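# Examining the three-dimensional arrangement
These are the residues of each chain, in order.
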Amino acid sequence: MSLDIGDLLIQSVPFARTLGITFDSAADGRAVSRLPDRPDLHNHVGGPHAGALFTLAEAASGAAMLTAFGDQLSRAVPLVAASTVRYLKPAKGEIVASARLLASRDEVVPRLDAGERPEFDVEVEVRNEEGTPVATLTFSWTLLPSG
């Protein structure tokens, strides 16, 4: 069964859909997502609001996580347990977030098999349309066993 991770995420997270987030790619523990340049998403300095940037990065991290653990959704609920963000400079224009899973299936799935609640990180770099980094984020995800 082939799973379109970007479509799954957009259908599951209405706020990401409201912001107009799209996905360029999602595979092998990585994902790239985009936030359009829309005036209704702008802050007081004319670029995307910090909350919109955060949501873009969280969506990319979720897609990267799902590429590795999407097959576990029947027995676990993925949740963000913690996050850190560093805004580097004001963002302008269309924004791109690139996420990378920092754990392997071999580290995470056996812990879930043992009835534990594994945690693992996904790093995200957010860039403006010129390719300049505007933020870096780390999301600590967990797989909460269901049932």
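## Quick notes on the packing of helix α1 (residues 5-12) against helix α3 (residues 50-69)
Packed helices, taken two at a time, are described by their axes: the angle between them and the distance between them. Across the interface, α1 lies against α3 with an axial gap of 10 Å and an inter-helix angle of 125°. It follows that α1 is oblique to α3 by the angle criterion. The hand of the α1/α3 crossing is right-handed. Every residue of α3 that contacts α1 at I5, L8 and L9 is listed here: A59, G62, A63, L66 and T67. Looking at the contact of α1 with α3 residue by residue, the classes come out as six nonpolar, two polar and no charged.

## Observations regarding the pattern of salt bridges
For the structure shown, the criterion picks out eight salt bridges. The salt bridge partner of D24 is R34, with a shortest N-O separation of 2.7 Å. Pair noted here: D24 is in strand β1 (residues 22-27) and R34 is in strand β2 (residues 30-35), with a separation of ten residues, a long-range link. Judged by relative accessible area, D24 falls into the partly exposed class, the value being 43%. R34 sits in the partly exposed class, given a relative accessible area of 25%. Between E116 and R111 there is a salt bridge, with its nearest N and O atoms 2.9 Å apart. Judged by its relative accessible area of 36%, E116 is partly exposed.

## Some remarks on the environment of V77
Assignment of secondary structure puts V77 in strand β3 (residues 76-87). Once residues within four sequence positions are removed from consideration, V77 is found in contact with T142, L143, L144 and S146.

## Points about the environment of T136
Position of T136 relative to the elements: it lies in strand β6 (residues 133-145). A C-alpha to C-alpha distance of 19 Å links T136 and H42, two positions 94 residues apart in sequence.

## Side note on the sheet that holds strand β4 (residues 95-101)
The strand order across the open sheet built from six strands is β1-β2-β4-β5-β6-β3, with neighbouring strands paired in antiparallel fashion. Every interior strand has two partners, whereas the edge strands, β1 and β3, have only one. When the angles between neighbouring strand axes are averaged without regard to direction, this sheet yields 20°. In terms of strand pairing, strand β5 (residues 119-127) meets β6 through nine bridges, oriented antiparallel. In the strand pairing of β6, R127 is matched with P133.

Conventions adopted
- Residues numbered from 1 in each chain as written.
- Predicted model: local features only at pLDDT ≥ 70, side-chain atom pairs only at ≥ 80, totals over all residues.
- Heavy atoms only, no water.
- Axes fitted to C-alpha atoms, helices over the stretch in contact; angles between N-to-C directions.
- Helix = DSSP H or I, 4+ residues; strand = E, 2+ residues; numbered from the N terminus.
- Parallel < 35°, antiparallel > 145°, perpendicular 65-115°, else oblique.
- Left-handed = near helix turned anticlockwise from the far one by under 90°.
- Contact = heavy atoms within 4.5 Å.
- Nonpolar A, V, L, I, M, F, W, Y, C, P; charged D, E, K, R; others polar.
- Salt bridge = Lys/Arg side-chain N within 4 Å of Asp/Glu carboxyl O.
- Buried < 20%, exposed > 50% of the residue type's maximum accessible area, 1.4 Å probe, protein only.
- Pairing = 2+ DSSP bridges.

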